[in-house]
Each structure stands twice: as C-alpha cells, then as structure tokens.
Amino acid sequence: MKPKITVIGAGNVGAQCAYRLAQKEIGEIILLDVVEGLPQGKALDMYQAGSVDNYNTNIRGTNDYADIKDSSVVVITAGLARKPGMSRDDLVIKNAAIVKDAINNILKYSPHAILLLVTNPLDVMTYYALKLSGFPKNRVLGMAPLLDAARMQYFIAQTLKVSTKEVYAEVLGSHGDSMVPVPRLSTVKSKPITELLSSEQIEQIVQKTKNGGAEIVSLLKTGSAYYAPGSAAAHMTEAIIKDKQEIIGTCCYLEGEYGLSDVCIGVPAKLGKNGIEKIIELDLLAEEKSDLNKAAQFIKSLFNLLTF
Ligand code: TXD
C-alpha cells in the first residue's frame, strides 16, 4: 500500500507542495483546508494535470480531519503570512492557534506521523508542535534552511555566473532576521566562496539571502513566496518517505548540539524514514557560533507568547 501524505493548508505553499508531491508519485495525497471547496478544487485540478504530465497520483481535497487518518507524513502549511501593520507577536499568537488545532487533530487521527512544519514563524511553530504533540524529537521538523540555502545558492551563482548546480550554500539559524549564512562553508565545486569573491561581494550575498523572502513579498505585494517553499517541503517529504538518508538543512530540536538546548533551529540533518535520523554538527568559528547563539536567543524570546 502506498503511504498517505497529508498537506494541511491548501493556500499557495500547501498547493505547490502537494503538486510537487503528486509529480513524485510517492504516495496518496490528502490536501486539507478550512475553506470549503478550496482543497477539493485544487486537488481535482492537480489530479487532472497528471494526464498531461504523465503522473498518476491519487490526490484528494477535504475539510474533514478524519480523512488524514494514518498519514505517514503531515506537512503543516496552514497559517497567515505577516501582513503590513501586523506585529511579529500577533503573527505568533494567530498562527499558534492554527497549529494547535492541527496538532489536536493529528493526535486524534495520525498519532504516528512525522510532522513537517512550514508555518511562520517557522522555528517557533516547530517548537510549539513538538511540545504540544509530545512526539519524539526526530518526528517533528521544520522547513526553512533548505529554502534559505537555495536562495543563497542562487545569489552566489548569479554573482559568479555559474550554474546553481555547481554551488553549495550553508545556511543555519533562524528563518528570518537572525538567519546565519556561512560563506566559509559555502562552495563552488568544493572551493569556498571566500576564495572566489571579495568580502564586499560576500556581504552583499549574505544580505540578499537574509532579505530573500522580503524581496519577493515586496514584488508580489499580496502574499509571499511559494514555488521554492512548496518545492522544498516536498523535497524533504520525499527524503523521509524514500528513506534517503539525505543531509538537508532542517529546523531541528537541539539538546546540547552546537551548545544549544530546548530550541528548534536550522542545522544540517540526515533525513530518512524516522524523520531526523541524525543532526550533523559542523565545526563553527567563534563568530559563527555566536551568531547561531543569538538566533537561538531570539527564537526563545518568542516562547512566552505560546500557550499550552
Ligand atoms: O520557509 C518557510 N518556512 C516559509 C513559511 C516560506 C513561505 C511561507 N511561509 C509561511 O507559510 C507563511 O508565512 C504562512 O505562515 C504559511 C503559509 O503560507 P501561504 O503563502 O501558503 O499562505 P496562504 O496562501 O494564505 O495559505 C494559507 C492557507 C489558507 O488556504 C487558509 O485557508 C489555510 O491556510 N488555513 C487553515 N487550514 C487548515 N486549518 C486551519 N485552522 C487554517 N487556517 C488557515
């Protein structure tokens, strides 16, 4: 029997994630949203696209949590994006309520699932989902560092005029202002970019990476990025479903790794059938460590807004 994969939230990111998953033919897909007709309509459209694109994936839209029963992976994309005038605290409180509702239903219908969080603020929501669910730490993870690294790869490739395929970018920390791009560990054909670019060029790449989401928001005006975010969530889901043991930048719960505890933050991790199979500890320089520590402190400063 094919595994069942649920995507909660049929908005921009959820739909792109479900569409990429459908193309990968790795399981049956349930797309769930509170808006009546929205997940059903999008699922039907995606199912029909299979005839053109040559994939055959059973994909169903629903408003009923009973349909997520026995999912192997649940991707949570439901939630608001920050709108002009909305404070960060406001976003935490509103999205926490949405995530709480999702977790209560997951506990009821899919208590053995692996949870992949996408909802912002990502690191805080991953922590909240972990604590609310009571799931082991390997089964609750967040998508963002993969997206942030993809953006950095793009900026490096543009600057050096090489294919993005030749570029590896290392991004740690929080998804947001306290992101920690690490140029020293970012390479083009194994050569660190610190040997290929000036410090001004590198600083520009770092700033553009940190600003990557905001740049797209300011262009779109109504909403935030979704092609790369949805694809990144689908890629991580595939690594889990196919037990790929692939090392991917992931928001993980730390218990001493990198000198940090009781926080979910972006670090490289090996993903496989158990979710997070292993957290990879990189040797960081003092300044990089200090930046990661600052990111952790910032994430923790938002925990007092969460209610359990
Ligand atoms: O890197 C990352 N982690 C991110 C995170 C990259 C991009 C977007 N990121 C965040 O994902 C963004 O800040 C939001 O918090 C979420 C979803 O973004 P998206 O762009 O998909 O937002 P939409 O298009 O508004 O879709 C949200 C959907 C919408 O259809 C709502 O009806 C639905 O969520 N929604 C719910 N579904 C189920 N259950 C509940 N309670 C619910 N509430 C809203």
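Each remark here, short or long, concerns the structure printed above.
Throughout what follows, the structure given in this document is the object of discussion.

Parameters and conventions
- Residues numbered from 1 in each chain as written.
- Predicted model: local features only at pLDDT ≥ 70, side-chain atom pairs only at ≥ 80, totals over all residues.
- Heavy atoms only, no water.
- Helix = DSSP H or I, 4+ residues; strand = E, 2+ residues; numbered from the N terminus.
- Contact = heavy atoms within 4.5 Å.
- Areas by Shrake-Rupley, 256 points an atom, 1.4 Å probe, with all protein chains shown as cover.
- Near = heavy atom within 4 Å.
- Polar contact = N/O pair within 3.5 Å; in protein donor to acceptor, adjacent residues only side chain to side chain.

**Comments concerning the overall build of the protein chain**
So, step 1. Along its length, the protein chain carries nine helices and 14 strands.
So, step 2. Each of the three principal axes of the protein chain carries a C-alpha extent, and together these read 55 × 45 × 40 Å.
So, step 3. Of the contacts formed within the protein chain by residues at least 6 apart in sequence, a portion of 67% connects residues at least 24 apart.
So, step 4. Just so you have it, the protein chain exposes about 14000 Å², and 51% of that area is on carbon and sulfur atoms.

**Considerations on the site of the ligand**
So, step 1. The immediate surroundings of the ligand are formed by 27 residues, with N12, V13, D33, L80 and M143 found nearest.
So, step 2. One of the backbone nitrogen or oxygen atoms of G11 is found 3.5 Å away from an oxygen atom of the ligand.
So, step 3. The backbone of V118 places a nitrogen or oxygen atom 3.0 Å from a nitrogen atom of the ligand.
So, step 4. Taken by itself the ligand offers 870 Å² of open surface, and the protein chains cover 86% of this.
So, step 5. Residue assignment for the shell around the ligand shows that the elements contributing at least two residues are α1 (12-24) and α3 (88-109).

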